[in-house]
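The lines below spell out each chain.
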Amino acid sequence: MLVKIRHSTEYHYDQPVPYGLQQLRMVPKGSAGQKVLSWSTSVEGGRKEVAFTDQHNNHVELLTIDRGARSVTILCEGEVDTADTVGIIGQHGGYAPLWYFERQTPHTRAGAQVRQLVKALGKDFDNDTARLHALSALILRTVGYEIGRTDFSTSAEQALETGHGVCQDHAHIFISAARLLGYPARYVSGYLVMDDRVDQEAGHAWAEAHVPGLGWVGFDISNGVSPDERYVRVATGLDYREAAPVSGITFGGHTESMVVHLQVQQ
Amino acid sequence: MNDAPGFFDELSGFGEGPRGPYADYCSWFERQDPARLRRKAKEAEVFFRRTGITFNVYGQQEASERLIPFDIVPRIIAAREWSRLTRGIEQRVRAINAFLHDIYHRQEILRAGRIPVELIARNEAFLPQMIGVSPPGGIYTHIVGTDIVRTGEDEFFVLEDNARTPSGVSYMLENRETMLQMFPELFSRVPVREVGDYPKMLRRSLAACAPAACTGKPVVAVLTPGIHNSAYFEHSFLADQMGVELVEGDDLRLVDGRIAMRTTEGYTPIDVLYRRIDDDYLDPLNFNPESMLGVPGILDAYRAGKITIANAPGTGIADDKAIYSYMPDIVEFYTGEKAILKNVPTWRCSEADSLAYVLEHLPELVVKEVHGSGGYGMLVGPAASKREVAAFAEKLRAKPGNYIAQPTLSLSTVPVMTKAGLAPRHVDLRPFVLVSPDRIQITPGGLTRVAMKAGSLVVNSSQGGGTKDTWVLEE
């Protein structure tokens, strides 16, 4: 499937910003079943300083906000050719060892709630993927999709307590539980082509677990499926923090607001 | 000259009388008027106060800045002893750099099963952001301060590999400066190797590690956490001696793709940053977001090859005290040779058998925190009261993985000047090692730390230790 993406992120500041940085992880990966045909990132109100590849093989760009700027706009545009690999990404590669993906983070730390969830999952499964699909379904049943009940800082434990959440929370709960069960797991941020609309409010997030024999397998908990050709993988990490499209640090006493315009279409 | 029985005294051996390296010094010393020497010792103190070397002691609110005691009797090392030491240190430092490259890339040593995976996987000093990063010139530990102790004529042990940001070199330089001022005649009698060119060597060694982005003469700077840091004196001293800028996080920004410092002529890109800030505080964008001391985005610039950070982030995985116990294996794995310098036998309390042994023998052992330094949070069994031992046993049972234990070593002694004349005190030695792509240099000498209290084995300055000038003799 040829997926066209246009993603603009605007930051508005109520006072001029003397100095600030934005770290971007917004370039789709050239990985299993996915080929980036064209991609560009342009910045208004800031400039690209350095670029590198991080430990998750994410392409990272760091930009500085122009001195005295009151807004920054990051515009990503491009086309990605995707294929359906039934959610299978394949064997692990790169220098980051698999054990690294068994590490819980502040977002995924398993407490009483996650333990309870894993207990409720039961033990009787034919294979690893059956167990992980069941986990995914159980999470969606336990934590209904609802916008506005959680935010980017919500942990897996907190989302389970709240009982509602968004794709980011579903992914964190899944990752937390999968690691508890002994599977290396990671967070994926990316895009999803939706059948009923082109304009979207935000990018999508899902999870991947490493299954012996198959390698990395994707699970979109919020939609109850494994990713197919409608999914574009952009960045991966131990949790949202490591895969976030934008992480920033700004100096000065301003308050900040963000506006996202996203179009994903065939 | 009296000797503590059972300890090797570097001046008189096990009581045989002056050893070779001290012969010239002793013949000079015997002709000195003791009253004059005591006066000189006082003068040395004034000299130190004037140059401003003081040391902030953590956990002591009153007198937070104080002088480290300096003793005027030098510690003397023969050329032959030094050459063996330096071969051993060089071998170890090479192995540490190879280990760091491996652990952040293919991890062959884990694949080979030479050290347990958990030791790295569960280690907070392992820095995931360094995975796959190759620092400029392939150097991770540009400056190392290997702590050495001696227990006999030919018995040297490595106590710690300080591979993060070893401090103390300013004392080495000031101690020598003081001795040259106090006793110029001694240096014409005894052929002592020079240490004073250390700042020049440091600057050259750092400049040789400049990144590919550097065009022209490498710009070096020293990054300090600021005036409240206990080693601030050393940071400003080294910057001054090297003739480079001393900067704080606030002075640095990302400008035109480089980390640059504010100067009177605008922003100047830095090629090599000798940072004296811990990893966690280095970059609030990538590490601890609460840090007010660091430089946001410096890790990004580093990973993009735009700046050299000395020492590299993540080197702590090599000098962690649990890793230490594997150093003989690490040396052998990467150099194919047996380690020249011995390790102190170490019990890892994370292992059940070791923990049981350690708990049973606490009064004989020294127990240290895996990530501790500066002599804080350690137990010196033979010097501890029954109550202290019992309290420590509780801590040990609660978090065994946090501790390692070692036998109490019979550290060698060197005489110090006391009111009653010379008296032996225990010492250790921290030589300073500079690593660049083309060579490893070890300054002939180092920092000799001395426990000023009779019988004490704790030499840390934070625990009341003092220092001495360290002489390495010419061939």
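Please refer to the structure placed before this passage.
Thoughts on the overall build of chain A
Point 1. Broken down by element type, chain A carries five helices and 16 strands.
Point 2. Its C-alpha radius of gyration of 18 Å places chain A within 12% of the 18 Å reference for a compact globule of 266 residues.
Point 3. Projected onto the principal axes, the alpha-carbon positions of chain A cover approximately 60 × 40 × 40 Å.
Point 4. Relative to its full complement of 266 residues, chain A shows a buried share of 53%.

Focus on the sheet that holds strand S8 (residues 252-255) of chain B
Residues and elements named next belong to chain B.
Point 1. Judged by pairing direction, the sheet is antiparallel, and its three strands sit side by side in the order S8-S9-S10 without closing on themselves. Two strands bound the open sheet, and with one partner strand each, they are S8 and strand S10 (266-269). Strand-to-strand twist of the sheet, defined as the mean angle between neighbouring strand axes without regard to direction, takes the value 45°.
Point 2. Pairing between S8 and strand S9 (residues 258-263): four bridges, direction antiparallel. By the bridge assignment, Val255 is partnered in S9 with Arg258.

Description of the interface of chain B and chain A
Point 1. Residue-level contacts link 30 residues of chain B with 26 residues of chain A.
Point 2. In total, about 2,300 Å² of surface goes out of reach between chain B and chain A, with carbon and sulfur atoms giving 64% of it.
Point 3. Ranking the residues of chain B by area buried against chain A places Ile131, Leu254 and Leu285 of chain B at the top, with a combined share of 26%.
Point 4. Where chain B packs against chain A, one counts one salt bridge.
Point 5. Linking Arg47 of chain A and Asp256 of chain B is a salt bridge whose minimum nitrogen-to-oxygen distance equals 3.4 Å.

Here we look at the nonpolar core
Point 1. Phe99, Tyr104 and Ile120 of chain B are the most contacted members of the largest nonpolar core, which totals 61 residues.
Point 2. Excluding its chain neighbours within four sequence positions, the residues that come into contact with Phe99 of chain B are Ile109, Ile115, Ile120, Ile317, Ala318, Ile323, Ile330 and Tyr334 of chain B.
Point 3. Ranked by size, the runner-up nonpolar core spans 57 residues in total, among them Tyr13, Ala156, Ile173 and Val193 of chain A.

Section: the packing of helix H2 (residues 128-142) of chain A against helix H4 (residues 167-180) of chain A
Residues and elements named next belong to chain A.
Point 1. Contact geometry of H2 with H4 gives a least axis separation of 10 Å together with a crossing angle of 135°. Between H2 and H4, the interaxial angle falls into the category oblique. As for how H2 packs across H4, the hand of that crossing is right-handed. Seen from H2, the contacting residues are Leu132, Leu135, Ser136, Ile139 and Leu140; seen from H4, they are His170, Ile173, Phe174, Ala177 and Ala178.

Regarding the sheet that holds strand S2 (residues 19-24) of chain A
Residues and elements named next belong to chain A.
Point 1. The four strands are arranged S4-S5-S2-S15 in an open sheet whose pairing can be described as antiparallel. Both outer strands of the open sheet, strand S4 (46-53) and strand S15 (246-251), are each paired with one neighbouring strand and no more. Between one strand axis and the next, the sheet turns by 15° as a mean value, whatever way the strands run.
Point 2. The sheet contact formed by S4 and strand S5 (residues 59-65) spans seven bridges and is antiparallel. Bridge pairing links Lys48 to Leu63 in S5.

Quick look at H2 of chain A
Residue and element names in this part refer to chain A.
Point 1. A rise of 1.5 Å per residue sets the reference length of H2, with its 15 residues, at 21 Å; its end C-alpha atoms lie 21 Å apart and thus fit the reference within 8%.
Point 2. Buried within H2 are the following residues: Leu132, Leu135, Ser136, Leu138 and Ile139. Projected down its long axis, H2 shows its buried positions confined to an angular sector of 165°, all on one face.
Point 3. Considering only its buried residues, H2 is in contact with helix H1 (112-121), H4, strand S12 (204-211) and strand S13 (215-219).

Re the pairing of strand S3 (residues 70-77) of chain B
Residues and elements named next belong to chain B.
Point 1. In terms of burial, S3 is a largely internal element, eight of the eight residues being buried.
Point 2. Judged by which residues are buried, S3 turns out to be covered on both faces: Phe70, Ile72, Pro74 and Ile76 on one side and Asp71, Val73, Arg75 and Ile77 on the other are all buried.
Point 3. Bridge analysis of S3 against strand S23 (residues 465-472) gives five bridges, and the strand direction is parallel. The residue bridging Arg75 from the neighbouring strand is Thr470, located in S23.

Considering the environment of Tyr187 of chain A
Point 1. Take Tyr187 of chain A: it is sitting in strand S10 (residues 185-192).
Point 2. In sequence terms Tyr187 of chain A and Gly122 of chain A are 65 residues apart; their C-alpha atoms lie 24 Å from each other.

Describing the packing of aromatic side chains
Residue and element names in this part refer to chain B.
Point 1. All chains considered together, the criterion is met by 20 aromatic pairs over all chains.
Point 2. Ring plane angle 85° and centroid distance 6.0 Å describe the contact between Tyr25 and Trp471, whose orientation is recorded as edge-to-face. Note that Tyr25 is positioned in helix H1 (residues 23-29) and Trp471 in strand S23, a separation of 446 residues in sequence.
Point 3. Looking at Trp471, the relative accessible area reads 0%, which means it is buried.

Some words on the packing of H1 of chain A against H4 of chain A
Residues and elements named next belong to chain A.
Point 1. At a minimum axis separation of 10 Å, H1 and H4 run at an interaxial angle of 70°. Our classification of the angle between H1 and H4 gives roughly perpendicular. Our pair here, H1 against H4, has a crossing hand that is right-handed. Contacts between H1 and H4 involve Val114, Arg115, Leu117 and Val118 from the first element and Ile173, Ser176, Ala177 and Leu180 from the second.
Point 2. Grouping the constituent residues of the contact of H1 with H4 by class yields six nonpolar, one polar and one charged.

Let's talk about the pairing of S10 of chain A
Residue and element names in this part refer to chain A.
Point 1. The buried fraction of S10 amounts to eight of the eight residues, a majority that puts the element mostly inside the structure.
Point 2. When S10 meets S12, the two strands line up antiparallel, connected through six bridges. Bridge assignment links Gly190 to a residue of S12, and that residue is His204.
Point 3. As defined by bridge partners, S10 adjoins strand S14 (residues 231-237) across six bridges and the pair is classed as antiparallel. What sits directly across from Gly190, in S14, is Arg233.

Examining a nonpolar patch on the surface
Residues and elements named next belong to chain A.
Point 1. Taken together, the side chains of Leu140, Tyr145 and Ile147 make up a nonpolar region of the molecular surface, amounting to roughly 300 Å² of accessible area.
Point 2. Note that Tyr145 resides in strand S8 (residues 144-145).
Point 3. Overall, the relative accessible area of 46% leaves Tyr145 in the partly exposed class.

Definitions and cut-offs
Residues numbered from 1 in each chain as written. Chains lettered and ligands numbered in written order. Predicted model: local features only at pLDDT ≥ 70, side-chain atom pairs only at ≥ 80, totals over all residues. Heavy atoms only, no water. Helix = DSSP H or I, 4+ residues; strand = E, 2+ residues; numbered from the N terminus. Rg over C-alpha atoms; globule rule 2.2 N^0.38 Å. Buried < 20%, exposed > 50% of the residue type's maximum accessible area, 1.4 Å probe, protein only. Pairing = 2+ DSSP bridges. Axes fitted to C-alpha atoms, helices over the stretch in contact; angles between N-to-C directions. Contact = heavy atoms within 4.5 Å. Buried area = accessible area lost by both parts, 1.4 Å probe. Salt bridge = Lys/Arg side-chain N within 4 Å of Asp/Glu carboxyl O. Core = buried A, V, L, I, M, F, W, Y, C linked by side-chain atoms within 4.5 Å. Parallel < 35°, antiparallel > 145°, perpendicular 65-115°, else oblique. Left-handed = near helix turned anticlockwise from the far one by under 90°. Expected span 1.5 Å × (residues − 1). Arc of directions from axis to C-beta. Phe/Tyr/Trp six-rings, centres within 6.5 Å; stacked < 30°, edge-to-face > 60°. Nonpolar A, V, L, I, M, F, W, Y, C, P; charged D, E, K, R; others polar. Patch = residues over 30% accessible without salt bridge, like charges linked within 9 Å, V, L, I, M, F, W, Y side chains within 5 Å. Areas by Shrake-Rupley, 256 points an atom, 1.4 Å probe, with all protein chains shown as cover.

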